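# Structural features, examined
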Amino acid sequence: REQTFVMVKPDGVQRGLVGEIVARFERKGLKLVAAKLVQVSKELAEAHYAEHRERPFFGELVQFITSSPVFAMILEGENAIAVVRAMMGKTNPAEAAPGTIRGDLGLTIGMNVVHGSDSPESAKREIELWFPEGALTYERTVDAWLA
Ligand code: GTP
Ligand code: MG
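Each value, and the rule that gives it
Residues numbered from 1 in each chain as written. Chains lettered and ligands numbered in written order. Predicted model: local features only at pLDDT ≥ 70, side-chain atom pairs only at ≥ 80, totals over all residues. Heavy atoms only, no water. UniProt positions renumbered as here; feature names shortened; annotations may be inferred. Helix = DSSP H or I, 4+ residues; strand = E, 2+ residues; numbered from the N terminus. Buried < 20%, exposed > 50% of the residue type's maximum accessible area, 1.4 Å probe, protein only. Contact = heavy atoms within 4.5 Å. Arc of directions from axis to C-beta. Pairing = 2+ DSSP bridges. Axes fitted to C-alpha atoms, helices over the stretch in contact; angles between N-to-C directions. Near = heavy atom within 4 Å. Polar contact = N/O pair within 3.5 Å; in protein donor to acceptor, adjacent residues only side chain to side chain. Areas by Shrake-Rupley, 256 points an atom, 1.4 Å probe, with all protein chains shown as cover. Nonpolar A, V, L, I, M, F, W, Y, C, P; charged D, E, K, R; others polar. Parallel < 35°, antiparallel > 145°, perpendicular 65-115°, else oblique. Left-handed = near helix turned anticlockwise from the far one by under 90°.

## Here's the deal with the UniProt feature "binding site: ATP" (unreviewed entry) in the chain
Annotation from UniProt places "binding site: ATP" (unreviewed entry) at Lys 9, Phe 57, Arg 85, Thr 91, Arg 102 and Asn 112. The topology assignment puts Phe 57 in the loop between helix H3 (42-48) and helix H4 (58-65). Note on placement: Arg 102 falls in helix H6 (residues 101-105). For Arg 102, a relative accessible area of 4% corresponds to the buried category. Once you skip the residues sitting within four places of it in the chain, Arg 102 turns out to touch Lys 9, Met 88, Gly 89, Lys 90, Thr 91, Pro 93, Ala 96, Asn 112 and Val 114.

## Describing helix H7 (residues 120-130)
An α-helical turn contains 3.6 residues, so any two residues separated by three or four positions project in the same direction. Residues of H7 that are buried include every one of Ser 122, Ala 123, Glu 126, Ile 127 and Trp 130, and no others. The arc that holds the buried residues of H7, viewed along the axis, is 125°, so those residues lie on one side. Residues of H7 that are exposed and point more than 90 degrees away from the buried face comprise Glu 121 and Lys 124.

## A word on the sheet that holds strand S4 (residues 114-116)
Strand order in the open sheet formed by 4 strands is S2-S3-S1-S4, with antiparallel pairing between adjacent strands. At either end of the open sheet lies a strand with only one pairing partner, and these are strand S2 (31-38) and S4. Direction aside, the axes of adjacent strands within the sheet are offset by 15° on average. Strand direction decides the pairing type here: strand S1 (residues 3-8) and strand S3 (residues 70-76), joined by 6 bridges, are antiparallel. In the strand pairing of S3, Val 8 is matched with Phe 71. Contacting S1, S2, S3 and S4, helix H2 (residues 18-28) crosses the sheet at an angle of about 5° to S3.

## Points about the site of ligand 1
Taken together, 15 residues surround ligand 1, and among them Lys 9, His 52, Thr 91, Asn 112 and His 115 come closest. At 3.1 Å, a side-chain N or O of Tyr 49 approaches an oxygen atom of ligand 1. Within the contact set of ligand 1, an oxygen atom lies 2.9 Å away from a side-chain nitrogen or oxygen of His 52. For ligand 1, whose accessible area on its own is 600 Å², the fraction buried by protein is 82%. Within the residue set of the shell around ligand 1, elements represented by two or more residues are H4, helix H5 (80-88) and S4. Partitioning the shell around ligand 1 into residue classes produces 5 nonpolar, 6 polar and 4 charged.

## As for H2
Inspection of H2 places Val 18, Ile 21, Val 22, Arg 24 and Phe 25 among the buried residues, and these make up the whole buried set. All buried residues of H2 fall inside an arc of 150° around its axis, so they share one side. Among the exposed residues of H2, those pointing more than 90 degrees away from its buried face are Gly 19 and Arg 27. Where H2 terminates, the next one or two residues include Gly 29, which has phi positive at roughly 115°.

## Looking at the packing of H2 against H5
In the contact formed by H2 and H5, the axes pass within 12 Å of each other and the chain directions differ by 130°. Judged by the inter-axis angle, H2 sits oblique to H5. The handedness of the crossing between H2 and H5 is right-handed. When H2 is examined against H5, the residues Arg 24, Phe 25 and Lys 28 are found in contact with a partner set consisting of Val 83, Val 84 and Met 87. Residue classes in the contact of H2 with H5 are distributed as 4 nonpolar, no polar and 2 charged.

Spelled out as structure tokens, the structure:
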């Protein structure tokens, strides 16, 4: 089964949205195989967002993501990467469709509540970066009804 890296960003944790966001992914059928609350270091933030290093908002982005804890997780399921991206909605909450996490819960692009890996390559890189300890393997009775 495909795995993806997902995090509730500092605004989501501060606003008490961790449960709501995890509940959406759980109801969808995705399986939690790792999760932790993390106070992100500058080094981890810069490594995570390395692709945006040259962007004008990079400093702001690193400042934001290290400003307060994030809730990091690995979710598993058929097409998990694309499914999570669809459930998150567009990067700018102002353009994200109602029904998506950013569409329902976000307001501005600088604090858009949630992150999800955007490709299989990103997922592999981000899972190794955030969870060097690895994920758990376990069976759920319901798994047979989800794939
Ligand atoms: P992530 O899942 O967080 O990676 O979002 P994304 O993949 O939908 O967007 P992208 O990777 O292009 O940008 C990463 C993050 O940078 C976004 O989620 C925003 O929080 C932030 N970002 C993108 N564009 C801007 C911008 O113009 N201004 C600010 N302040 N932040 C931005
Ligand atoms: Mg991205």
